[in-house]
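Observations on chain architecture
Chain residues, written in single-letter form:
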Amino acid sequence: MNLTLKTGEIHAIMGPNGTGKSTLSETIMGNPSYHITEADILLNGESIIEMSVDERARKGLFLAMQYPAEVPGVTNAEFLRAAINARRPKNNPILIMDF
Ligand SMILES: Nc1ncnc2c1ncn2[C@@H]1O[C@H](COP(=O)(O)OP(=O)(O)O)[C@@H](O)[C@H]1O
Ligand SMILES: [Mg+2]
């Protein structure tokens, strides 16, 4: 099968427990526990399957945590803002109000 997700669209992948939703997400994000034996993942036409997790993240992929671990002193908002700023030029962080 093929799955195409276009920029700006929102999709929900639904199914019973144990049918592979998390596995698919982790594989797209690049969890090294998973090995693709066949097929490819293209982001804007470019294959990402040889890229490290941080390379994929800088190209715009983000995998939210299902059960986030608490890091004392780091709020969710600060975490998300840091993720956005990691993709922006160092001298042009997102303004607090815009965030
Ligand atoms: N494409 C696949 N090929 C082989 N095993 C898979 C595949 N996708 C998922 N699995 C296995 O199925 C089990 C359940 O998958 P999981 O991703 O946790 O399901 P879900 O998130 O939908 O509940 C895991 O043991 C996973 O390794
Ligand atoms: Mg799951």
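None of the values given here were measured: they were computed from a predicted structure.

1. Structural notes on the overall build of the chain
Within the chain, the regular secondary structure consists of three helices and two strands. Here the C-alpha coordinates of the chain stretch approximately 40 × 30 × 25 Å along the principal axes. Relative to its full complement of 99 residues, the chain shows a buried share of 1%. For the chain, long-range pairs separated by at least 24 residues make up 25% of all intrachain contacts whose partners lie at least 6 apart in sequence.

2. A word on the environment of Asp54
Relative to the assigned elements, Asp54 resides in helix 2 (residues 53-58). Note on Asp54: 10 C-beta atoms within 10 Å, which makes it exposed. Measuring from C-alpha to C-alpha, the distance between Asp54 and Lys21 comes to 21 Å, with 33 residues separating the pair along the chain.

3. Remarks on unusual backbone geometry
A positive phi angle, near 90°, is found at Ala39, a position not held by glycine. Relative to the helices and strands, Ala39 is located in the loop between helix 1 (21-29) and strand 1 (42-43). Phi at Asn44 is positive, roughly 50°, even though this residue is not glycine.

4. A closer look at the domain arrangement of the chain
The domain boundaries assigned to the chain delineate domain 1 (1-61) and domain 2 (64-99). Placing the centre of domain 1 and that of domain 2 at their C-alpha centroids yields a distance of 22 Å.

5. Comments concerning the environment of Ile41
Examined against the element boundaries, Ile41 turns out to sit in the loop between helix 1 and strand 1. Classification of Ile41 by C-beta neighbours within 10 Å gives partly exposed; the count is 18. Remark: the alpha-carbon pair of Ile41 and Lys21, spanning 20 residues in sequence, is separated by 15 Å. Aside from chain neighbours lying at most four places away, what touches Ile41 is Ile28, Ser47, Ile48 and Ile49.

Each value, and the rule that gives it
Residues numbered from 1 in each chain as written. Chains lettered and ligands numbered in written order. Predicted model: local features only at pLDDT ≥ 70, side-chain atom pairs only at ≥ 80, totals over all residues. Helix = DSSP H or I, 4+ residues; strand = E, 2+ residues; numbered from the N terminus. Buried ≥ 20, exposed ≤ 12 C-beta atoms within 10 Å, placed from the backbone. Contact = placed C-beta atoms within 7 Å. Domains from an automatic or database assignment.

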